[in-house]
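A look at the structure
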Amino acid sequence: MSGQPLDPRTAPTFPAAARAMLGDTQLRKNVRHATGVIQTKRARVVEEMPDWQELRESGRQIREHTMRHLDHYLQQFEQNCTRAGGVVHWARDAEEARRIVVGLVQAEGAREVIKIKSMTTEEIQLNKALEAAGVHPYETDLAELIIQLGQDQPSHIVVPALHKNRQQIREIFQREMHLGTLGESPQDLADAARRFLREKFLRVKTGVSGANFLIAETGGVCIVESEGNGRMCLTLPETLITVAGIDKVVPTFKDLEVLLQLLPRSATGERMNPYNSIWTGVDADGDGPRRFHIVLMDNARTEILADEEGRQTLHCIRCGACQNACPVYRQTGGHAYGSVYAGPIGAILTPQLQVLNHAQTLPYASSLCGACYEVCPVKINIPEVLIHLRNKVVRKKGPLTPEALAMRAMGLVFRSERRFRAAQRMGRVAEAPLVRKDGQGQGWIGWLPGLLGGWTQVRDLQAMPQQSFREWWEQREKSEVSRGN
Amino acid sequence: MFITCYNDTLFPETGKAVVRVLERLGHTVEFPAGQTCCGQMHWNTGYQAEALPLVARFVAQFRHAEAVVVPSSSCVAMIRDHYPKMAAELGDAGLQAEVEALVPRVFEFSEFLTRRLGLEDVGAYYPHRVTYHASCHGLRNLELGDGPLRLLRAVRGIDLVVLEGMEQCCGFGGTFAVKNAEVSSAMLAEKTTAVLNTRAEACTACDNSCLMHIQGALHRQRTGVQTVHLAEILASEDTGSAGAAR
Amino acid sequence: MATDAREAVLTRIRAATGNAPETRAVMQEWQGIRRQYRQHAARDHEGVLELLIDRLRDYDATVQRVSRDEVSAVAARLAAARGIRRMVVPEGLDPALLPAGLACETDRGLSAEELDGLDGVMTGCTLAIAETGTIVLQRVAGQGRRAISLVPDYHLCVVDEARVVETVPEAMARLQPTAALATTFFSGPSATADIEMTRIKGVHGPRFLDVLLVRDGERL
């Protein structure tokens, strides 16, 4: 049923995957349109908040504080959730988390589950595991439904199907929902999804979700959504199973007053998203599921926690603002990143979730322009983490790659004035065979060898001038001295 | 003045222009000969070990300067955002103290004029249609804001036109342009399209690195549009014979 | 097994953070978190109410200001205009407020299928947040189970003026004592922008929302 999941362990390198995406005109048009719309909306609702920067700072401090005391807050959450009738499970990795969820579903005797959009369950490829166990998962978020029915993969954290346009969605719905006629207006398509899913909501007795925030103080869980599919899955089934990364915990209910202002404005450009649900364990008077399980999953998050410079990656609240702002993401879309976490946050999160054994090209998938840092609601300095990870990749690859040797040589040059001068002279000599004069008599290079060839694919390079600045300066000093005499 | 390695080698005219402007304003310019590179390329590409020794070299060259003027925002960002941390990493308390004392005296060229000297009009004359690209490091790391634009607006004879998507990255990003050449090209295509749409004769910025990137495509496409560093515009004077854009 | 995982994860965390301070120290550090954002209303109450009305209408909800005595008649008119014939109401909603002459079924554990057969729901609310156009429902008398305000396609919500605050932090402060109750924030009718970022009103939750803002600060 579902397509081949995005898996960083087997994905091609970013430059190779990006090359394929750049040729997809329709995808690029769709991505450019969607990110443009969200960016404009976000800018408008952020602009109207006089205390936006203060909220960002508070958000950063809350997240930083939580990570510093993660063990404390997770245990507090566990205790309060359990007291309220929830069952807390712990998972060291994706495999263990899948095993727990599949086991719980099977214990219910369920053959179907309804699911709320959840990046965490995408991360652990839960649907594939459920299907292998003979359980059919119904994705109920409109975008996730489009992805699932189209055997596609999510390309954005918040709007996973933004790479599809209405005509493409209509085609998928018509085929998969067996509809004779279907209009192609977004309203027609949303109505079709409503009809298709309503019957599932009323029938299926087991729900599976992720979580936006776990509230340590109360043992409550908060989910932020738009369509109401989340409320359906959280309210109507008899059993609810929630999978959450251990990074999702927040200390107190009060802290939500910061995060619930930052998240919707950053994610979808709304003042508040249509629905936030908060529930605590199970309700004794029959409001909502009678059984509630929550799986607290590590899956390499503690590795990130142990790296002081990488740790801020865990502050992420999954708003996707960095993706919309990123000039690289807007050219390639999300699939090029080979992971469910795409864009700038994906470029730092994915390699770290793989302990840098895979996805080594992702830290380089950025021009370090800083647009991501500028919009991040909890002030994750993504460029700083990218540079940190590049250093780790370099160390992992060792000192003998052609690039490392070239860098070492350049390093020696910059450490000595004499060598620097010599290199400037040598550069002029070395480039000479490549230089061609243009109509204005200016020298240009139109082709470069090896590693540098990427530059001259679409760009010329101006030849080095005959005199460096320092040579000019010295000449001037000399003539001034002689004039002084 | 810290000219920076690539301006020294590839864009001496920018250095000369900085000297011209500063001397015109009555300042004395010194050029410590031992200067080389700030270490940005190594640092940003992941070769931190190669970048670390350059901190001490920079301090040794510039410790006595009243102000260090640098015609490159990305190099200033490197010094301002990373040198304190790098000095700490080296574990040299003396160096750390010197970095701390020196960094507040390091200015990007336009920043030195607008913030340190409080100037907008530096007596320049440049009778050309020009558009301005806000380079990422200048915009986001140094928060130059509209400083460069205010300097440009005060230039006599200039026809300054707004660049659509002025704050969008041109796709250079140092080794990014080589490692991810295709994506970089796609980003560059948007930038050059915007530049051409302004019908400007020249595109200016505070960073020759971005300009070299943009110029590379403008030249390959034979557009006839030039790039010129902000310092060179500000250095131009009315000599009776108006020169062409660079 | 499960206990092993718990211990393993907690041990890894402690190794990573390298500390395990006392609860008191953690709380003190939490109290030191900078909170310079707005935590109080900047407008007078009338201004706050106007803001709420503006924001709700921005979400395509209708809003009317009424006195408590007028609720029943206005509710009946609104429901009729929407073609509503049968509504569900939670236990504890003042019978005097119910739409005059309309069949109202009180929820005593209706199944999802039964709720699906009803046209609408009428509830009160715990509070409303003007700045974001948000209404907050909790599992209390007059507001009911979460399912009743979810499955029917039409929601008629009665908001007492005294329950309207301007900002999110004010709302959270008021909700703090009942933080553990099942709580739903809703801001306009359910919506999606998943298709070409075009906002579509109403996917799974109620597609139509009418709000009655009750004057005089009378409690429901």
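Residues numbered from 1 in each chain as written. Chains lettered and ligands numbered in written order. Predicted model: local features only at pLDDT ≥ 70, side-chain atom pairs only at ≥ 80, totals over all residues. Heavy atoms only, no water.

**Topic: the interface of chain A and chain C**
If you look at the interface, chain A gives 95 residues, while chain C gives 77 residues. Interface area for chain A against chain C, summed over the two sides, is near 7800 Å², with a carbon-plus-sulfur share of 56%. For chain A, the biggest contributors to the area lost against chain C are R92(A), R194(A) and F253(A); these three give 9% of the whole. Our count for the chain A to chain C interface comes out at 16 salt bridges. In this assembly, chain A and chain C are joined by 44 residue pairs in polar contact (both at pLDDT 80 or more). In terms of residue count, the dominant contributor to the side of chain A that touches chain C is helix 10 (residues 186-203) of chain A (11 residues). Grouping the constituent residues of the side of chain A that touches chain C by class yields 41 nonpolar, 25 polar and 29 charged. (Contact = heavy atoms within 4.5 Å. Buried area = accessible area lost by both parts, 1.4 Å probe. Salt bridge = Lys/Arg side-chain N within 4 Å of Asp/Glu carboxyl O. Polar contact = N/O pair within 3.5 Å; in protein donor to acceptor, adjacent residues only side chain to side chain. Helix = DSSP H or I, 4+ residues; strand = E, 2+ residues; numbered from the N terminus. Nonpolar A, V, L, I, M, F, W, Y, C, P; charged D, E, K, R; others polar.)

**Considerations on the arrangement of the chains**
Among the 2 pairs of chains that make contact, the interface with the largest number of contacts is formed by chains A and C. A minimum C-alpha distance of 20 Å separates chain B and chain C, which share no contact.

**Description of the pattern of salt bridges**
It is possible for side chains bearing opposite charge to pair when their charged atoms get close. All names here are of chain C. A full pass over the atoms with the stated rule returns 75 salt bridges over all chains. One salt bridge connects R6 with E7, and the closest N-O pair in it is separated by 3.0 Å. Between D153 and R207 there is a salt bridge whose closest N-O contact spans 3.0 Å. Of the two residues, D153 is situated in the loop between strand 6 (134-138) and strand 7 (154-160) and R207 in the loop between strand 11 (200-201) and strand 12 (208-214); the sequence distance between them amounts to 54 residues.

**Let's talk about the domain arrangement of chain B**
When the parts of a complex come together, some accessible area is lost, and that lost area is often taken as the interface size. Residue and element names in this part refer to chain B. Each domain of chain B was delimited in the assignment, giving domain 1 (5-116) and domain 2 (129-235). One C-alpha centre belongs to domain 1, the other to domain 2, and the line joining them spans 22 Å. Contacts between the two partners involve 29 residues from domain 1, matched on the other side by 24 residues from domain 2. Counting the surface lost from both domain 1 and domain 2, the interface buries some 2000 Å², and carbon and sulfur atoms represent 61% of this. Sorting the residues of domain 1 by area buried against domain 2 places S73, S110 and T114 first, and these three jointly supply 20% of that buried surface. Our count for the domain 1 to domain 2 interface comes out at 0 salt bridges. Breaking the side of domain 1 that touches domain 2 down by element, the ones donating at least two residues are helix 1 (5-10), helix 2 (12-24), helix 3 (40-45), helix 6 (73-90) and helix 8 (109-116). At 7 residues, helix 2 tops the list of elements feeding residues into the side of domain 1 that touches domain 2. For the side of domain 1 that touches domain 2, the residue count by class is 12 nonpolar, 9 polar and 8 charged. (Domains from an automatic or database assignment.)

**So, the interface of chain B and chain A**
Across the contact, 65 residues belong to chain B and 64 residues belong to chain A. At the boundary of chain B with chain A, total buried surface from both sides reaches about 5700 Å², with 58% on carbon and sulfur atoms. Three residues stand out in chain B for area buried against chain A, namely Y47(B), E182(B) and R220(B), and they jointly supply 11% of the buried area on that side. In this structure, the connection of chain B to chain A is made through 11 salt bridges. Residue E374(A) is joined to R140(B) by a salt bridge in which the shortest nitrogen-to-oxygen separation is 3.0 Å. Counting across the chain B and chain A interface gives 38 residue pairs in polar contact (both at pLDDT 80 or more). Take the side of chain B that touches chain A: its biggest share by element is 9 residues, from helix 12 (residues 181-197) of chain B. Grouping the amino acids of the side of chain B that touches chain A by side-chain chemistry returns 29 nonpolar, 22 polar and 14 charged.

**Description of the pairing of strand 6 (residues 220-225) of chain A**
Residues and elements named next belong to chain A. The buried fraction of strand 6 amounts to 6 of the 6 residues, a majority that puts the element mostly inside the structure. On strand 6, burial covers both faces: G220, C222 and V224 on one face and V221, I223 and E225 on the other are all buried. As paired strands, strand 5 (residues 213-215) and strand 6 are joined by 3 bridges and run antiparallel to one another. Across the sheet, L214 pairs through a bridge with V221, a residue of strand 6. With antiparallel pairing between neighbouring strands as the criterion, strand 5 and strand 6 make up a hairpin whose turn holds 4 residues, including G219 at a positive phi of roughly 80 degrees. In terms of strand pairing, strand 6 meets strand 9 (residues 275-280) through 6 bridges, oriented antiparallel. Bridge pairing links C222 to I278 in strand 9. (Buried < 20%, exposed > 50% of the residue type's maximum accessible area, 1.4 Å probe, protein only. Pairing = 2+ DSSP bridges.)

**Notes on the packing of helix 12 (residues 256-267) of chain A against helix 6 (residues 168-175) of chain C**
As a packed pair, helix 12 of chain A and helix 6 of chain C sit with axes 9 Å apart at the nearest point and diverge in direction by 140 degrees. Relative to helix 6 of chain C, the element helix 12 of chain A lies oblique. Pair helix 12 of chain A / helix 6 of chain C crosses with right-handed handedness. Contact residues: L256(A), E257(A) and Q261(A) in helix 12 of chain A; V168(C), P169(C) and M172(C) in helix 6 of chain C. For the contact of helix 12 of chain A with helix 6 of chain C, the residue count by class is 4 nonpolar, 1 polar and 1 charged. (Axes fitted to C-alpha atoms, helices over the stretch in contact; angles between N-to-C directions. Parallel < 35°, antiparallel > 145°, perpendicular 65-115°, else oblique. Left-handed = near helix turned anticlockwise from the far one by under 90°.)

**Overview of the sheet that holds strand 10 (residues 291-297) of chain A**
All names here are of chain A. Across the sheet, which stays open at both edges, the 6 strands sit in the order 1-10-7-4-2-3 with parallel pairing between neighbours. What marks the edges here is a single partner per strand, and that holds for strand 1 (87-91) and strand 3 (136-139). Adjacent strand axes in the sheet meet at a mean angle of 25 degrees when their direction is disregarded. Two strands pair when backbone bridges link them, and strand 4 (residues 206-209) and strand 7 (residues 239-245) are joined in this way by 4 bridges, in the parallel orientation. Bridging from a neighbouring strand, S209 pairs with T242 of strand 7.

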